[in-house]
Amino acid sequence: MPLNRLLTFGVGACTAVALSVPVGAVPASASHHRTGGSLVLVGGALADDNREIYEDIVRLAGGPGRARIGIVTAAAPVPAEDPDAGTPDCNNSVCNGDYYAGLFRSYGAADAQWIPIDLDHPGAADDPAVVRQIESLTGFFFGGGDQYRYVTTMTRGKAQRDSAALAAVRRKLRGGAVVAGTSAGAQIMAGRDMITGGSTEPGLRDGAKPGYFDDPDVLGYLPGGGFGFFTEGLLDTHFSRRGREARSIRLASDTRHARVFGLDENTALEVTGVGGRRTSLRVLGQRGVSVLDLRRARVTGHDGVWGVEGVRWSRLTAGDAYLAPRWTVVPAPGKPRVRPAAGPCTAVPSEDVFYDYAMVGLVEEGLAARTGCVAVGGTSYEKDPQWAARLTRGAGFAAYRGATATTFTGVVIGIRAA
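Since the structure is predicted, the reported quantities are computational estimates derived from the model, not experimental observations. Along every chain, residues carry numbers that run from 1 in the direction the sequence is written. Restriction of local features to residues with pLDDT of at least 70 applies here, the model being predicted, together with a cutoff of 80 or more for giving and counting side-chain atom pairs; totals for whole chains, interfaces and linings are based on all residues. Note that the side-chain values use all heavy atoms of the structure and ignore hydrogens as well as water.

Caption draft 1: Broad picture of the overall build of the protein chain. Secondary structure elements follow DSSP: runs of H or I no shorter than four residues count as helices, runs of E no shorter than two count as strands, and numbering proceeds from the N terminus. Along its length, the protein chain carries ten helices and 22 strands. Its C-alpha radius of gyration of 21 Å places the protein chain within 12% of the 22 Å reference for a compact globule of 418 residues. Exposure categories follow from relative accessible area, calculated using a 1.4 Å probe and restricted to protein chains: below 20% of the type maximum is buried, above 50% is exposed, and the middle band is partly exposed. Counting across all 418 residues of the protein chain, residues that qualify as buried make up 57%. Put simply, of all contacts in the protein chain between residues at least 6 apart along the chain, 72% involve residues at least 24 apart. Each charge sign in the protein chain was given a centre, from 45 positive and 42 negative side chains, and these centres are 11 Å apart. The globule rule used here is 2.2 Å times the number of residues to the 0.38 power, and the radius of gyration it is set against is calculated over C-alpha atoms. The contact criterion used throughout is that any non-hydrogen atoms of two residues lie within 4.5 Å. Neither His nor the chain termini are counted; the positive set is Lys and Arg, and the negative set is Asp and Glu. Each charge is placed at NZ for Lys, CZ for Arg, CG for Asp and CD for Glu.

Caption draft 2: Spatial organisation of the state of the cysteines. The disulfide definition used here is simple: a pair of cysteine sulfur atoms within 2.5 Å. Summed over all chains, the structure comprises two disulfides. Disulfide pairing is shown between Cys 90 and Cys 95; the S-S distance is 2.4 Å. Taking the torsion about the sulfur-sulfur bond, which here is approximately 125°, the covalent link between Cys 90 and Cys 95 counts as right-handed. You can call Cys 95 buried: its relative accessible area is 16%. Linked covalently through their sulfurs, Cys 345 and Cys 373 form a disulfide whose S-S length is 2.0 Å. Looking down the S-S bond of the Cys 345 and Cys 373 bridge, the torsion is 95°, so its handedness is right-handed.

Caption draft 3: Representation of the sheet that holds strand β8 (residues 194–197) within the structure. Here, any two strands with at least 2 DSSP bridges between them count as paired. With respect to topology, three strands assemble into an open sheet ordered β8-β10-β9, the strand pairing being mixed. This sheet does not close on itself; its edge strands, each paired only once, are β8 and β9 (209–210). The sheet contact formed by β8 and strand β10 (residues 220–222) spans three bridges and is antiparallel. When the sheet's bridge partners are listed, Gly 197 is paired in β10 with Gly 220. Sitting on the sheet, helix α5 (residues 147–154) is in contact with β8 and β10, with an inclination near 110° to β8. To define axes, lines are fitted to C-alpha atoms, for helices over the stretch in contact only, and angles between the resulting N-to-C directions are given on a 0 to 180 degree scale.

Caption draft 4: Seen up close, the environment of Val 412. Within the secondary structure layout, Val 412 lies in strand β22 (residues 406–417). The spatial distance from the C-alpha of Val 412 to the C-alpha of Arg 390 is 8.1 Å, given a sequence separation of 22 residues. Discounting chain neighbours no more than four positions away, the residues touching Val 412 are Gly 310, Val 311, Arg 312, Arg 390, Leu 391, Thr 392 and Gly 394.

Caption draft 5: A look at the side chain of Thr 182. Looking at the secondary structure, you find Thr 182 in strand β7 (residues 178–182). Apart from the residues within four sequence positions on either side, Thr 182 is in contact with Val 42, Gly 44, Ala 45, Leu 46, Tyr 100, Phe 141, Phe 142, Gly 143 and Gly 144.

Caption draft 6: Seen up close, the packing of helix α2 (residues 51–60) against helix α3 (residues 93–106). Relative to each other, α2 and α3 sit at 80°, their axes nearing to 9 Å. As the angle between them shows, α2 and α3 are arranged roughly perpendicular. For the pair α2 and α3, contact is made by Tyr 54, Ile 57 and Val 58 and by Tyr 100, Leu 103 and Phe 104, respectively. Here the nonpolar group is Ala, Val, Leu, Ile, Met, Phe, Trp, Tyr, Cys and Pro; Asp, Glu, Lys and Arg are the charged ones; every other residue, Gly included, is treated as polar. Classifying every residue of the contact of α2 with α3 gives six nonpolar, no polar and no charged. What sets the label is the angle itself: under 35 degrees gives roughly parallel, over 145 gives roughly antiparallel, 65 to 115 gives roughly perpendicular, and the rest give oblique.

Caption draft 7: Region of interest: the environment of Thr 255. By the element assignment, Thr 255 lies in helix α9 (residues 245–255). Judged by relative accessible area, Thr 255 falls into the buried class, the value being 9%. As a C-alpha pair, Thr 255 and Pro 88 span 167 residues in sequence and 42 Å in three-dimensional space. Look past the residues within four positions of Thr 255 in its chain and what remains in contact with it is Arg 192, Asp 193, Tyr 221 and Leu 234. Polar side-chain contacts of Thr 255 include one of 2.6 Å to the backbone oxygen of Leu 251. Polar contact is defined as a pair of N or O atoms within 3.5 Å, subject to the rule that within protein one atom must be able to donate a hydrogen and the other to accept it, and that residues adjacent in sequence are counted only when both atoms are side-chain atoms.

Caption draft 8: Seen up close, a negative patch on the surface. Patch building starts from residues that exceed 30% relative accessible area and form no salt bridge, then joins like charges within 9 Å and nonpolar side chains (Val, Leu, Ile, Met, Phe, Trp, Tyr) within 5 Å. To measure how exposed things are, a 1.4 Å probe is used in the Shrake-Rupley method; for residues, cover is taken only from the protein chains shown. Salt-bridge detection follows one rule: a side-chain nitrogen of Lys or Arg within 4 Å of a carboxyl oxygen of Asp or Glu. Together, Asp 214, Asp 215, Asp 217, Glu 382 and Asp 384 give the surface a local cluster of negative charge. Residue placement: Asp 217 occurs in the loop between β9 and β10. Taking the relative accessible area as the measure of exposure, Asp 217 reaches 37% and is therefore partly exposed.

Caption draft 9: A look at the packing of helix α4 (residues 128–135) against helix α6 (residues 164–174). The N-to-C vectors of α4 and α6 enclose an angle of 15°; their axes lie 9 Å apart at closest approach. Classified by the angle between their axes, α4 and α6 sit roughly parallel to one another. Note on packing geometry: the crossing formed by α4 with α6 is right-handed. Every residue of α6 that contacts α4 at Val 130, Val 131, Ile 134 and Glu 135 is listed here: Ala 164, Ala 165, Ala 168, Val 169, Arg 171 and Lys 172. When its residues are assigned to classes, the contact of α4 with α6 shows seven nonpolar, no polar and three charged. A crossing counts as left-handed when the near helix is turned anticlockwise from the far one by less than a right angle, and as right-handed when that turn is clockwise.

Structure follows, in structure tokens:
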């Protein structure tokens, strides 16, 4: 996109770009939702003791003693790739499936069972026995790893047609089942332009590129998307912990998306009424879900180096709701408004603004803490080039204190070369 070009995401265009998925971009059945089910999208690092999220999945799958949950772990390495296979430290598709099945049973599921789809079983996703297994279940949980492995194992060909197993999961979702996932298992639920990987600073410098890349620095995306279950905007995971705000902004700008949902670790975005007319979104868990709004964003630059201004940022925490058609945050009842203390701005600039909750901290400790903080910021650790992020109070800025994290809305982000 040329420098100094306004991102033309008007309200009408925004609905077409951010809230729907072109039929040709995902398997055709993605557009056939009628009644809709539920999604529970976790940003990764889901703690075993996160009762709120596990019990929510069980509830949406039919409730304690009734829920029957299928575990899909095809994004994980297969046992032959796992040096710890056969030990308590294993991390592979088989042992992860068994582990999650045990966890869901401990949280009240009547049954939880591994669905044997992975790179060791390339034909399983079209096996009639696996389809029958899926049809007997009321909920599904997709584990973490590499989301492209889900594309490889559960879709077919360049057009990413549904395998028989994926078509069965899609039918179950349409009929009212819950589909949950963590990390790659949440990312695969995305629609067009699903992110496939990439580091923040190289991604800002070089821009987004279509495809899947072995180079972890390349900001890659899959134009055909993931499974297309979530269509309210782009998705990104491990969001604040890994400082992915900036890479998501660059991807959204390059692919002309007006909205990004960034999922924090041990935190879920619950979406009910998927595919229906009354879709509801709310947040559960420890941290937050960020919503980046690029409708008024403007691409800038100096000496050919990319930059952006005017990205609006809201962050929802436990209990908050989001009205997607209105682009509106609804804080949970009873959350007190944060009243900044009088005094000068004492926020310390971040020297690694794209890592470990740095940008969230700048808002919490600066914009929401002191009346004198009208703008805060920091720079990237990387120097080729070094990047600067500036956060300001926009119109309607507000913050609310939750039990474990702060909700805020109306922050404006600008990013440029330092």
